[in-house]
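Secondary and tertiary structure notes
So you can see what is in the structure, the chains are spelled out below.
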Amino acid sequence: MARWNRRTFLSLAATAAASAGAARVAASANRPNIVFIMADDLGHADLSCYGSRDIATPRIDRLAREGMRFVNAYSNSPVCSATRVALMTGRYQYRLRVGLEEPLRDRTGFGLPAAHPTLPSLLRAAGYRTALVGKWHLGELPEFGPLQSGYDTFFGPRLRFTIETSGDVADK
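Residues numbered from 1 in each chain as written. Predicted model: local features only at pLDDT ≥ 70, side-chain atom pairs only at ≥ 80, totals over all residues. Heavy atoms only, no water.

Before going further, it helps to examine the overall build of the protein chain. For the protein chain, the count of helices and strands is five helices and three strands. Excluding contacts between residues fewer than 6 apart, the proportion of contacts in the protein chain whose partners are at least 24 apart in sequence is 47%. Only carbon and sulfur atoms are counted for the fraction: they give 54% of the accessible area of the protein chain, which is about 11,100 Å². (Helix = DSSP H or I, 4+ residues; strand = E, 2+ residues; numbered from the N terminus. Contact = heavy atoms within 4.5 Å. Areas by Shrake-Rupley, 256 points an atom, 1.4 Å probe, with all protein chains shown as cover.)

Our focus in this paragraph is the packing of aromatic side chains. In total, this model carries one aromatic pair according to the counting rule given. Residue placement shows Arg-97 over the ring face of Phe-110; its charged tip is 4.0 Å from the ring centre. (Phe/Tyr/Trp six-rings, centres within 6.5 Å; stacked < 30°, edge-to-face > 60°. Lys NZ or Arg CZ within 6 Å of the ring centre and 35° of its normal.)

With that settled, consider helix α2 (residues 58-66). When we look at burial in α2, the residues that qualify are Ile-60, Asp-61 and Ala-64. Summarising the axial view, the buried residues of α2 lie within an arc of 105°, below the 170-degree limit, and thus occupy one face. Pointing more than 90 degrees away from the buried face of α2 are the exposed residues Pro-58, Arg-59, Arg-65 and Glu-66. (Buried < 20%, exposed > 50% of the residue type's maximum accessible area, 1.4 Å probe, protein only. Arc of directions from axis to C-beta.)

This part covers helix α3 (residues 80-89). Counting buried residues along α3, nine of its ten residues qualify, which places the element largely inside the surrounding structure. Within α3, the full set of buried residues consists of Cys-80, Ser-81, Ala-82, Thr-83, Arg-84, Val-85, Ala-86, Met-88 and Thr-89. Contact partners of the buried residues in α3: α4 (119-125). Count one or two residues on from α3 and you reach Gly-90, which has phi positive near 75°.

Summed over all chains, the structure comprises two salt bridges. Linking Glu-66 and Arg-62 is a salt bridge whose minimum nitrogen-to-oxygen distance equals 2.9 Å. Placement of the pair is Glu-66 and Arg-62 together in helix α2, with a separation of four residues, close to one helical turn. Using a relative accessible area of 57% as the deciding quantity, one classes Glu-66 as exposed. The salt bridge partner of Asp-152 is Arg-124, with a shortest N-O separation of 3.0 Å. Residue Asp-152 is located in the loop between β1 (131-133) and β2 (153-157), and its partner Arg-124 is located in helix α4; the two are separated by 28 residues in the primary sequence. (Salt bridge = Lys/Arg side-chain N within 4 Å of Asp/Glu carboxyl O.)

Once that is clear, we can look at the confidence of the model for the protein chain. Residues of the protein chain with pLDDT of at least 70 account for 73%, and the chain-wide mean is 78. At the level of individual helices and strands, the protein chain shows its lowest average pLDDT in helix α5 (residues 167-170), which scores 52, and its highest in α4, which scores 95. Below a pLDDT of 50 lies the segment residues 19-27, which in the model reaches 24 contacts outside its immediate sequence neighbourhood of four places, other chains included. (pLDDT = per-residue confidence, 0-100.)

Before going further, it helps to spend a moment on unusual backbone geometry. In this chain, Leu-141 is followed by Pro-142 through a cis amide linkage whose omega measures 0°. Relative to the helices and strands, Pro-142 is located in the loop between β1 and β2. Even without a glycine there, the phi angle at His-137 is positive, about 60°. Along the chain, His-137 turns up in the loop between β1 and β2. Take His-137: its relative accessible area is 21%, and that puts it in the partly exposed class.

Listed below in structure tokens is the structure:
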């Protein structure tokens, strides 16, 4: 299997999100498309749209130029799972067990509860189509997977890279 570096993954994620309609609005052209890129260990100036002189990121730069850039943000945790819990739920990560455990690879039988409201479940309820490209890392698949937490499509590591889709999206 080929090794993936950060630039390859970000390029694939941005391209897949744009081409697969990851944040396509279902009913209204007045609502914005949303592409949220979260990368573990991405530094403040690791993208050229934020000042990197070492790494060229032209596709991400275009998304930033034509969309919205955030220039003041703080990670709520130094580890990936807890950061993802906070982003997905809008809550302090330590309010859910999955936000307390790290690393998750050695844990079984728990994850982000499917009944808990998440950003993608709320977006889907508002008519958006949702997709996750990349690492889920919020619980054991399939019981605690992204399809149970509001995503229509998931492309990311399980034991290998896989694509999962809920039936209604695959038929469209």
